[in-house]
Amino acid sequence: MTPDGIVLLCKKPGPTSFSALNSVKKALGTSKVGHTGTLDSFAQGLLVVCTGRLTRLAGNITEFDKSYEAVIHFGQETDTLEFTGNVIKTAPRPSKEALLEALTRFTGMLMQKPPAFSAIHVDGKRASDLARNGKEIELPARPITVYEAKLFDVKFDENDRVEYAQIHFSVSKGTYIRSLARDIAYSCGSAAHLTGLFRTKVGHFKVCDAAGFNQLEDFTIESAIKNSLEKEDFHPQKDWSQDKSEIELKEEIKNKKLDLDEETSRLCGFDIIHTKNENACADFKNGKPLRSANFDKDLHSLLNESSAAVFTPDGAFLGLIYKNEAGKVSYRFVIN
């Protein structure tokens, strides 16, 4: 089996995104893997993993929009903006009406200040590392888009105020759900942090199609609370390879590995072209000079400084070509 492909992997709460990739490496027998957007250790859900030569596409898939389910705990803010952090602020909890009104203000194009505990680099170092060492981090706000913020469920305290809320978010790349929780709470006169986070979609990829999805329990307010109460058992660096479900997961990864298709190529921003026949396919695989006569599209019509995904007439992915600023078309890579 060729290791080149795309793997949809469902990360459990606990391991880091990096350590979760070990299952893919072992299943496919390759060290060339790259995920297309990290999930915090406490979070769970969909990681889109590029393997083999398709690791070169990771940067393109990172640009995709994403969807999440989030459980927000109101009344306390932590330094990490999630439940494993230290409480730094308390405030009254909101009414359901105030929360619903606040959500209407958090759709569309927004400016968002990322959390100090993040992977963003400041002077060559991760902001999270600087923050853990006690340095005050002030990251500049940046533009994001929230396409949808929909309340799914609430849990009230003894005063009928919202203690927990489960909210669906559909957002652009670079959006921090932890920061959304913080800002929504501020907007309704409260404070908050995340008790649970579940990534459900990346572009057109869905978590229900991911290897390991059946090993997760349903994501609800109750399951998120239960998970947060077990935070002392969280070991992000734990070796999960001996977990009893690991053998089943590896087999599922092998069976569910995807080739790059035309829909994903378009989402990546690639033009789509097809070879005309078997001889043209063979010429492409063998690295012969690129000639428009071998394709269903004139290569000169491609935009300068752009990539095109090349497919067989029946839709099998062959590789990528690139047209530089001078208009010269060359190979990026070929899948043999």
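Structure's up top.
Now for a quick tour of the structure. (Residues numbered from 1 in each chain as written. Predicted model: local features only at pLDDT ≥ 70, side-chain atom pairs only at ≥ 80, totals over all residues. Heavy atoms only, no water.)

Some words on the pattern of salt bridges
Where charged atoms from two side chains of opposite charge come close, those side chains can pair.
Alright, step 1. Here the structure, examined in full by the defined rule, presents twelve salt bridges.
Alright, step 2. Across the salt bridge formed by Asp-40 and Arg-178, the nearest N and O atoms sit 3.1 Å from each other. Residue Asp-40 is located in the loop between β2 (33-35) and β3 (44-51), and its partner Arg-178 is located in helix α6 (residues 177-187); the two are separated by 138 residues in the primary sequence.
Alright, step 3. A salt bridge links Asp-183 to Arg-182, with the nearest nitrogen and oxygen atoms 2.8 Å apart. Of the two residues, Asp-183 and Arg-182, neither departs from the other in class, the shared state being buried.
Alright, step 4. Via salt bridges that share partners, Arg-93, Asp-157 and Glu-163 belong to a single interconnected network. (Salt bridge = Lys/Arg side-chain N within 4 Å of Asp/Glu carboxyl O. Helix = DSSP H or I, 4+ residues; strand = E, 2+ residues; numbered from the N terminus. Buried < 20%, exposed > 50% of the residue type's maximum accessible area, 1.4 Å probe, protein only.)

Remarks on α6
Alright, step 1. Counting buried positions along α6 yields nine of eleven residues, so the element is predominantly enclosed.
Alright, step 2. Listing the buried residues of α6 in full gives Ile-177, Arg-178, Ser-179, Leu-180, Ala-181, Arg-182, Asp-183, Ile-184 and Ala-185.

Details of the packing of aromatic side chains
Alright, step 1. Under the defined criterion, the tally for this structure stands at six aromatic pairs.
Alright, step 2. Ring geometry for Phe-198 versus Phe-219: centroids 5.5 Å apart, planes at 45°, classification tilted. Of this pair, Phe-198 sits in strand β12 (residues 192-202) while Phe-219 is found in the loop between β13 (205-206) and α7 (221-229), placing the two residues 21 residues apart along the sequence. Like Phe-219, Phe-198 is buried.
Alright, step 3. Three or more aromatic residues joined by ring pairs make a cluster, and in this case those are Phe-284, Phe-295 and Tyr-331. (Phe/Tyr/Trp six-rings, centres within 6.5 Å; stacked < 30°, edge-to-face > 60°.)

Some points on the nonpolar core
Alright, step 1. One finds Leu-9, Phe-74, Phe-169, Ile-177 and Ile-253 to be the most contacted residues of the largest nonpolar core, which totals 45 residues.
Alright, step 2. Leave out the neighbours within four places in its chain, and Phe-74 touches Arg-93, Pro-94, Leu-99, Val-162, Glu-163, Ala-165, Ala-185, Cys-188, Ser-190, Ala-191 and Ala-192. (Core = buried A, V, L, I, M, F, W, Y, C linked by side-chain atoms within 4.5 Å. Contact = heavy atoms within 4.5 Å.)

Structural notes on helix α8 (residues 246-256)
Alright, step 1. All of the buried residues in α8 are Glu-246, Leu-249, Glu-252 and Ile-253. All buried residues of α8 lie within an arc of 120° about the axis, which places them on one face of the element. Facing away from the buried side of α8, by more than 90 degrees, are the exposed residues Ile-247, Glu-248 and Asn-255.
Alright, step 2. Buried residues belonging to α8 abut β1 (5-11) and α2 (22-28). (Arc of directions from axis to C-beta.)

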